[in-house]
Structures are given as structure tokens and as C-alpha cells.
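Remarks on the overall topology
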Amino acid sequence: MELEIYADVLCPWCYIGKRRLAAAMARAAGRTSMEIIWRAYELAPDEGRTPGQTAAEALAGWWGERAPARVALIRSLGAAEGLELNLHLARPVNTFDAHRLVKLAAEHGRADEMMELLLHAYHTEGQNVADPRVLQRLGGEAGLDAGRVRSVLDGDDYAGEVRDDRRRAAEHGVTGVPSLVLDGRPPVSGVQPVADLLALLADGPAAHPVPGS
């Protein structure tokens, strides 16, 4: 079976969904063979590399008076999965290079580790995941060759793959993240309860809409 995960580093729901999916896959271990493919889905492709307002401030612009409750909900759901989601520290930036780094990591079987490090750096530590120095360090922590990471960040390797993922998302009908596409079927939400994700892995997609991000 092939499971494509459409996600972006900027999305706290993607971090929550990653934890829930890991729990579901641990329960399904030995019952199914699964190839995991992380697909790039840029939520803010027009963002610059210099951090501006925080994610919490951005939510206030979108949700108005409902923003504090929204932030509290995200933080509480993250805490339930063992995550510290600091929306008051995280500052949205361009994630194109971060996605390119995940593509490099995938070639070495380390895409999941790379995504974990990126998500933690952004959502918990408030790091600038568009900064080449931050990406260089995180690539090293993921076990990638420092010279190769530097070469990728200095050039345009994997740029085509990242753009192809966005086109692929449109073809599959993916409009938000996290989205899961199992064996080419219609996309489903990646933040379903663990039991529903386990059923998805075992029997096929459930009818859960993908949340907006």
C-alpha cells in the first residue's frame, strides 16, 4: 500500500496528525505493508524568508474574536499528543527550501525524521525554517551529509519535485493539509482520531473532511 501525506511545516494540524498517524501505524504493525511518501503542500508560497508576525497574530487576523479559542484548541490537542505548540513563537515563512530538504532526506529513507525536526523547530522552538543556517543544522541532525545539504540549499535541486507535488495535490483534489491519499483514492483528513486512522489503514478511507489550514 502507498500512503501519500500532503503536509506543510507551517501547519500545526500536520504535527498533530503526524503523531496520530504514527500511533495508528504502530497498532497496525505487521498487519500491512505501507510505503509512506511525504508530499509538499506550501500553505504560504508567497511568504518571504524573514519572519514577521507570529502564527497566533495571523490567526487573530483570520478569526478575529474567535482566535484565542482557536489557539487554545490547537495547543490543547497538541498537548494531548505530547506536543508543545507555541503559536506565539512560530512565525510563518517560506517553506520551499524546507520541502526540498525533505526530498533529499527521502532519498536516504529519512523523510519522516526530517519532517519531525522541521515541525519541532518551527512549532515548538520558533525557529526560522527558511534560514539556510537552521536548515543546515537540522539536516545534520537528521543524519544527512553536510556537504550535500549545503549543495541543495545553494542550488535548485528538488525544486521540480516540490512543484510537482503541488500539481499532484490538485489532481487528487487536495485542498488543505494534512491530507492522506491511500493508493490513489480520494484524499481524507490526516487529523482523524487514531482509531479512524487505523481503520483507514486496514480497510480504506473514511469520510472525514480535510480541515482548512
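The preceding data block contains the structure.
For the structure given in this document, a descriptive report is provided here. (Residues numbered from 1 in each chain as written. Predicted model: local features only at pLDDT ≥ 70, side-chain atom pairs only at ≥ 80, totals over all residues. Heavy atoms only, no water.)

1. Regarding the pairing of strand 3 (residues 179-182)
For the record, the criterion: Each residue is placed in one exposure class: buried if its accessible area under a 1.4 Å probe, protein chains only, is under 20% of its type's maximum, exposed if it is over 50%, and partly exposed if it falls in between. Under the DSSP-based scheme used, a helix requires at least four consecutive residues in state H or I and a strand at least two consecutive residues in state E, with every element numbered from the N terminus. Should DSSP find at least two bridges between two strands, the strands are regarded as paired.
Burial along strand 3 is two-sided: Ser179 and Val181 facing one way and Leu180 and Leu182 facing the other are all buried. Strand direction decides the pairing type here: strand 1 (residues 2-7) and strand 3, joined by four bridges, are antiparallel. Note on strand 3: the bridge partner recorded for tyrosine 6 is serine 179. Here two bridges tie strand 3 to strand 4 (residues 188-189), and the two strands are oriented antiparallel to one another. Of the residues in strand 4, the one forming a bridge with serine 179 is serine 189. Hairpin geometry of strand 3 and strand 4 is characterised by an intervening segment of five residues between the two adjacent antiparallel strands and by a positive phi of about 50° at aspartate 183.

2. Considerations on the sheet that holds strand 4
Across a sheet, paired strands are connected by hydrogen bonds in the backbone, their directions being either parallel or antiparallel. What counts is decided by this rule: In this description, contact between two residues means that some pair of their heavy atoms is separated by no more than 4.5 Å. In this analysis an axis means a line fitted to C-alpha atoms, helices contributing only their contacting stretch, and an angle means the value between N-to-C directions, from 0 to 180 degrees.
As summarised here, the arrangement of the four strands in space is 2-1-3-4, forming an open sheet in which the pairing is mixed. The open sheet has two edge strands, strand 2 (35-40) and strand 4, and neither has a second partner. The pairing of strand 1 with strand 2 spans six bridges and is parallel. Paired with tyrosine 6 across the two strands is arginine 39, which belongs to strand 2. Against the sheet, helix 1 (residues 12-27) touches strand 1, strand 2 and strand 3, its axis set at about 160° to strand 1. Strands in contact with helix 4 (residues 96-106) are strand 1 and strand 2; relative to strand 2, the strand with the most contacts, it is inclined by about 155°.

3. Considering the side chain of asparagine 86
Put simply, the test is: Whenever a nitrogen or oxygen atom comes within 3.5 Å of another N or O atom, the pair is scored as a polar contact, on the condition that within protein one atom can donate a hydrogen and the other can accept it, and that pairs from neighbouring residues in sequence are kept only if both atoms are in side chains.
In this structure, asparagine 86 sits in the loop between helix 3 (67-80) and helix 4. Under the relative-accessibility criterion, asparagine 86 is labelled buried at 5%. Among the polar contacts listed, one links the side chain of asparagine 86 to the side chain of arginine 75, at a separation of 3.2 Å. Not counting the four nearest positions on each side in its chain, asparagine 86 is found in contact with Arg75, His123 and Thr124.

4. Observations regarding the pattern of salt bridges
For the record, the criterion: In what follows, salt bridge is the name for a side-chain nitrogen of Lys or Arg lying within 4 Å of a carboxyl oxygen of Asp or Glu.
Scanning the entire structure with this criterion turns up 14 salt bridges. Measuring nitrogen to oxygen at the nearest pair gives 3.0 Å for the salt bridge that ties arginine 137 to glutamate 141. Of the two residues, arginine 137 and glutamate 141 are both situated in helix 6 (residues 132-141); the distance of four residues between them amounts to about one turn of the helix. The partly exposed category is assigned to arginine 137, whose relative accessible area is 35%. We classify glutamate 141 as partly exposed; its relative accessible area is 45%. Through salt bridges with shared partners, a single network forms among Glu4, Arg39, Lys103, Asp165 and Arg168.

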